[in-house]
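Descriptive structure summary
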Amino acid sequence: MKGFRIVERDYLILQEIFRWRIVTGRHIQAFAGFTGQRACDRRLSKLIEANYINREKILYGFPYIYSLTSKGRTLIGVSRKSESIRVEQILHDSNVADTAIYIHKQYGIKYKDMVTEKELHSKDGFSCRSHRPDFIFKDNCVSTCVEVEFSMKSKSRFEQNIKDNFTNYDNQLWIIPD
């Protein structure tokens, strides 16, 4: 694309799209620090035209979902393998991002200080595939894990998740809708 130049905020946008499983324009606006949705949408459109990101309408009644192209993945230095979006996880993963935005606004935790489930599994590698919380953050050397639960789990699995979180983190925050 002629006249298009990558700026620092574009790297931030690409990294946030990669970190979270599901991101919409509203999430990117918050994660990248845009003051208005229109400015965010214009920048996202330029990144789409330059073939750094994709925009897909997957679920009826749900906003467009953004993902990285192989060109975008190469730019930020991550695996070029594209990831599939699981339809049954869209609402959950969107609410995880909403929870991160809430925690940022309510408690002043920076987005860069949050470690997502995807990043935690990536650090584990292939050998250890254990339960990980939706995201974690540290505030004053106190680690807190955040779990967003929409589906019922068996009692034993739920207890095991609580026990794992208790042994690995100082605090647990569970978001469970009525």
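Everything discussed here concerns the structure shown above.
Residues numbered from 1 in each chain as written. Predicted model: local features only at pLDDT ≥ 70, side-chain atom pairs only at ≥ 80, totals over all residues. Heavy atoms only, no water.

So, about the overall build of the protein. The helix and strand inventory of the protein stands at 7 helices and 6 strands. When the elements of the protein are put in sequence order from the N terminus, they spell out α-α-α-β-β-α-α-β-α-β-β-α-β. Compactness check: the protein gives a C-alpha radius of gyration of 17 Å against a globular reference of 16 Å for 178 residues, within 12% of the reference. For the C-alpha atoms alone, the extent of the protein along its principal axes is close to 55 × 35 × 30 Å. The 178 residues of the protein split such that 39% are buried. Put simply, 55% of the contacts in the protein that link residues at least 6 apart link residues at least 24 apart. For the protein, the computed accessible surface area is about 11000 Å², with 50% contributed by carbon and sulfur atoms. In the protein, 29 side chains carry a positive charge and 22 a negative one; their mean positions are 7 Å apart. (Helix = DSSP H or I, 4+ residues; strand = E, 2+ residues; numbered from the N terminus. Rg over C-alpha atoms; globule rule 2.2 N^0.38 Å. Buried < 20%, exposed > 50% of the residue type's maximum accessible area, 1.4 Å probe, protein only. Contact = heavy atoms within 4.5 Å. Areas by Shrake-Rupley, 256 points an atom, 1.4 Å probe, with all protein chains shown as cover. Lys, Arg positive; Asp, Glu negative; His and termini not counted. Charge placed at Lys NZ, Arg CZ, Asp CG, Glu CD.)

Turning next to helix α3 (residues 37-49). Spanning 13 residues, α3 covers 18 Å between terminal C-alpha atoms, matching the ideal 18 Å at 1.5 Å per step. The complete set of buried residues in α3 reads Cys40, Arg43, Leu44 and Leu47. Burial along α3 is one-sided: seen end-on, the buried residues are contained in an arc of 100°. Residues of α3 that are exposed and point more than 90 degrees away from the buried face comprise Arg38 and Glu49. Where the residues of α3 are buried, they touch α1 (8-19), α2 (25-32), β1 (53-56) and β2 (65-68). Just past α3, the residue Asn51 takes up positive phi, approximately 65°. (Expected span 1.5 Å × (residues − 1). Arc of directions from axis to C-beta.)

Quick look at the sheet that holds strand β6 (residues 171-175) now. The pairing of strands in a sheet comes from backbone hydrogen bonds and takes either a parallel or an antiparallel form. Taken in spatial order, the 4 strands line up as β3-β4-β5-β6 in an open sheet, and their pairing is mixed. Edge positions in the open sheet fall to β3 (114-116) and β6, since each of these has one partner strand only. Each adjacent strand pair in this sheet contributes to an overall mean axis angle of 20°, direction not counted. Both β3 and strand β4 (residues 135-139) contribute to a ladder of 3 bridges, which runs antiparallel. Among the inter-strand pairings, Thr116 is bridged to a residue of β4, identified as Phe135. Contacting β5 (142-148) and β6, helix α7 (residues 155-168) crosses the sheet at an angle of about 145° to β6. (Pairing = 2+ DSSP bridges. Axes fitted to C-alpha atoms, helices over the stretch in contact; angles between N-to-C directions.)

For the structure shown, the criterion picks out 9 salt bridges. Across the pair Glu88 and Arg86 runs a salt bridge, and its minimum N-O distance is 3.0 Å. Through salt bridges with shared partners, one network takes in Glu16, Arg19 and Glu119. (Salt bridge = Lys/Arg side-chain N within 4 Å of Asp/Glu carboxyl O.)

Where β4 and β5 come together, 5 bridges link them in antiparallel fashion. In the strand pairing of β5, Lys138 is matched with Ser143. From the end of β4 to the start of β5, which pair antiparallel, there are 2 residues, and Asn140 there has a positive phi angle of about 55°.

Relative to the elements of secondary structure, Tyr66 occurs in strand β2. You can call Tyr66 buried: its relative accessible area is 7%. Remark: the alpha-carbon pair of Tyr66 and Thr24, spanning 42 residues in sequence, is separated by 6.1 Å. Contacts of Tyr66, omitting those with residues within four sequence positions, involve Ile17, Val23, Thr24, Gly25, Ile28, Leu44, Ile48, Ile53, Asn54 and Arg55.

Positionally, Thr99 belongs in helix α5 (residues 90-107). For Thr99, a relative accessible area of 10% corresponds to the buried category. With residues near it in sequence (within four places) discarded, Thr99 still touches Phe135, Val146, Val148 and Ile175.

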